[in-house]
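# Coordinate analysis (summary)
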Amino acid sequence: MSSTAGQVIKCRAAVAWEAGEPLVIEEVEVAPPRAMEVRVRILYTSLCHTDVYFWEAKGQKPVFPRIFGHEAGGIVESVGEGVTDLAPGDHVLPVFTGECKECAHCKSAESNMCDLLRINTDRGVMLSDGQSRFSINGKPIYHFLGTSTFSEYTVIHVGCLAKINPLAPLDKVCVVSCGLSTGFGATVNVAKPPKGATVAIFGLGAVGLAAAEGARVSGASRIIGVDLNPNRFEQGEIVSVIAEMTNGGVDRSIECTGNINAMISAFECVHDGWGVAVLVGVPHKDAVFKTHPVNFLNERTLKGTFFGNYKPRTDIPGVVEKYMNKELELEKFITHSVPFSEINKAFEYMLKGESLRCIIHMDG
């Protein structure tokens, strides 16, 4: 164990004190890990739209003060009681959902929706004792998605950490821990386009472009990108244009926006007989999916996916290996880079729609 094992660590963290207010770099105290927990030194983190959404806190229960961040790469500093498959010095990617390896979902070859560790956006504390591991002057600062990577050190449940190849550059593979895997996996694990297939991607942010990368790796003959301004989106028009372009519809479509009209169009634009549509985007809580049942009877298939159907501990190390073997490109997703002291710039880039992924260097 490191010299700091078992002790409180003081370090910098970017704290969100209030919804929508710029993050403030503060000195926080990070408690040692309890049972089945791991304390990780974060080296690189990146900003995902989910961080921005919950920081704005417009449509959900606000939990503040809070340390956001969930897409990152780091090194294990120390481990709590009962942790056997990670040790200090291991390179890890934190993941916003987990794999306990014990529940029915984890034991199923078809599911990655762990009963114990699946995503919980409201919880701001650790599972073992209902307490936060972060504090300032004795007052708790809440966690986010069980990861809170906008801190030089963080405490994470062992089931939410993927142990990866130590030779993999953390400033690149950190994007694998959320957006890249969500989009890429939606294509390769769920849509499964055969070689030569036509694939439509709805939404061309980082997740949509990762889905397109999955189509490229699968050998798609044609990838059609549909980016949308929700106010101008004409449902029927898109479907007929795609049908015309592809002689009756695409073989596969992946929807990465969460816009309900885009979801319906993504389904209705696939070819009858064999077309498969996969929904990735998260819709508004009151959204309703409406389509004619004949679309199903004509042998179109509609599927949904969560985190690209990847089990975090079992599967994510293999995605990193794809990058190491040059089967997968990551650099094209990384458009910006900022030092930790300028983390608010990453928010500005995303809010202006200028960035796909902005890497935040924790030593800056």
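Residues numbered from 1 in each chain as written. Predicted model: local features only at pLDDT ≥ 70, side-chain atom pairs only at ≥ 80, totals over all residues. Heavy atoms only, no water.

### Observations concerning the overall build of the chain
For the chain, the helix and strand inventory stands at ten helices and 16 strands. Over its C-alpha atoms the chain spans a radius of gyration of 21 Å, differing by no more than 12% from the 21 Å that the globule rule assigns to 364 residues. Here the chain, with 364 residues, has 52% of them falling under the buried criterion. In the chain, 72% of the contacts between residues at least 6 apart in sequence involve partners at least 24 apart. Accessible surface computed for the chain: about 15700 Å², of which carbon and sulfur atoms make up 51%. Averaging the coordinates of the 34 positive side-chain charges in the chain and doing the same for the 41 negative ones gives two points 2 Å apart. (Helix = DSSP H or I, 4+ residues; strand = E, 2+ residues; numbered from the N terminus. Rg over C-alpha atoms; globule rule 2.2 N^0.38 Å. Buried < 20%, exposed > 50% of the residue type's maximum accessible area, 1.4 Å probe, protein only. Contact = heavy atoms within 4.5 Å. Areas by Shrake-Rupley, 256 points an atom, 1.4 Å probe, with all protein chains shown as cover. Lys, Arg positive; Asp, Glu negative; His and termini not counted. Charge placed at Lys NZ, Arg CZ, Asp CG, Glu CD.)

### Focus on the pairing of strand β2 (residues 24-30)
Bridging between strand β1 (residues 9-15) and β2 involves seven bridges; their strand directions are antiparallel. Residue isoleucine 9 lies in a different strand from β2, and its bridge partner there is valine 30. For β2 and strand β6 (residues 134-136), the ladder comprises two bridges, and the chain directions are antiparallel. Following the sheet pairing, glutamate 29 is matched in β6 by serine 135. (Pairing = 2+ DSSP bridges.)

### Re the state of the cysteines
Applying the stated criterion across every chain, the model contains zero disulfides. Between cysteine 48, a cysteine without a disulfide, and cysteine 178, which holds the nearest cysteine sulfur, the sulfur-to-sulfur distance is 3.9 Å. Here cysteine 256 is not cross-linked by a disulfide; its sulfur's nearest cysteine counterpart is in cysteine 178, at 12 Å. (Disulfide = S-S within 2.5 Å.)

### A closer look at the packing of helix α1 (residues 49-56) against helix α10 (residues 343-351)
Two quantities define a packed helix pair, namely the angle between the axes and the distance from one axis to the other. Closest axis-to-axis distance for the α1/α10 pair is 11 Å, and the angle between their directions is 95°. Taken together, α1 and α10 sit at an angle that is classed as roughly perpendicular. On α10, the residues touching His49, Val52, Trp55 and Glu56 of α1 are Phe347, Met350 and Leu351. For the contact of α1 with α10, the class distribution of residues is five nonpolar, one polar and one charged. (Axes fitted to C-alpha atoms, helices over the stretch in contact; angles between N-to-C directions. Parallel < 35°, antiparallel > 145°, perpendicular 65-115°, else oblique. Nonpolar A, V, L, I, M, F, W, Y, C, P; charged D, E, K, R; others polar.)

### Details of helix α5 (residues 206-217)
Quick reminder: α-helices carry 3.6 residues per turn. Residues three or four places apart thus point the same way. Taking 1.5 Å per residue, twelve residues should reach 16 Å; α5 reaches 16 Å between its end C-alpha atoms and fits that length. For α5, the full list of buried residues reads Ala206, Gly208, Ala210, Ala211, Ala212, Glu213, Gly214 and Ala215. On its buried face, α5 sits against α4 (179-191), β10 (198-202), β11 (222-226), β12 (252-255) and β16 (357-361). Of the residues trailing α5, glycine 219 is marked for its positive phi of about 85°. (Expected span 1.5 Å × (residues − 1).)

### Focus on the nonpolar core
For soluble globular proteins, the rule of thumb is that nonpolar side chains tend to be buried together. Ranked by size, the top nonpolar core spans 80 residues in total, and within it Val38, Phe150, Val173, Val176 and Leu180 carry the most contacts. Sorting elements by how many residues they give to this core places β1 first, with five residues. (Core = buried A, V, L, I, M, F, W, Y, C linked by side-chain atoms within 4.5 Å.)

### Let's talk about unusual backbone geometry
Cis geometry is adopted by the peptide bond preceding proline 65, which originates at phenylalanine 64 and carries an omega value of -5°. Among the structural elements, proline 65 can be located in the loop between α1 and β4 (71-79). The phi dihedral of asparagine 137 is positive, around 50°, even though this residue is not glycine. Position of asparagine 137 among the secondary structure elements: in the loop between β6 and β7 (139-141). With a phi close to 65°, glutamate 299 is a non-glycine residue in the positive phi region. You can see glutamate 299 is positioned in the loop between α8 (294-297) and β14 (301-304). Residue classification places glutamate 299 among the exposed positions, given a relative accessible area of 51%.

### Brief notes about the pairing of β16
Across a regular strand the side chains alternate sides, sitting on one face of the sheet and then on the other. Of all five residues in β16, four are buried; the element is thus mostly enclosed. Pairing analysis gives three bridges linking strand β3 (residues 37-46) to β16, with the strands arranged antiparallel. Bridge pairing in β16 links tyrosine 44 to histidine 361. Judged from the five bridges that link them, strand β15 (residues 334-339) and β16 form a sheet pairing that is parallel. Note that in β16 the partner of proline 339 across the bridge is histidine 361. Following the chain from β15 across α10 to the adjacent parallel β16, one finds a crossover that is right-handed. (Right-handed = clockwise from strand over helix to strand, strands pointing away.)

### What to know about the sheet that holds β7
Sheet architecture is open: four strands sit in the order β1-β2-β6-β7, paired in antiparallel fashion. Bordering the open sheet on either side are β1 and β7, each of which pairs with just one other strand. When the angles between neighbouring strand axes are averaged without regard to direction, this sheet yields 50°.

### Observations concerning α1
Among the residues of α1, those classed as buried are Asp51, Val52, Phe54 and Trp55. With its phi angle positive at about 50°, alanine 57 sits one or two positions after the end of α1.

### Looking at the side chain of serine 151
Summarising the element assignment, serine 151 is placed in the loop between β7 and β8 (153-157). Judged by its relative accessible area of 0%, serine 151 falls in the buried class. Looking at serine 151, its side chain comes within polar contact range of the main-chain oxygen of tyrosine 153, at 2.6 Å. Apart from residues lying up to four places away in sequence, serine 151 is in contact with Cys11, Arg12, Ala13, Val28, Val30, Ile42, Ile67, Phe134, Phe340 and Met362. (Polar contact = N/O pair within 3.5 Å; in protein donor to acceptor, adjacent residues only side chain to side chain.)

### A closer look at the pattern of salt bridges
Evaluation of the coordinates by the stated rule reveals 19 salt bridges. With its nearest N and O atoms 3.8 Å apart, the salt bridge here joins lysine 163 to aspartate 90. With lysine 163 in strand β9 (residues 161-163) and aspartate 90 in the loop between β4 and β5 (91-94), this pair connects stretches of sequence that are 73 residues apart. Judged by relative accessible area, aspartate 90 falls into the buried class, the value being 15%. (Salt bridge = Lys/Arg side-chain N within 4 Å of Asp/Glu carboxyl O.)

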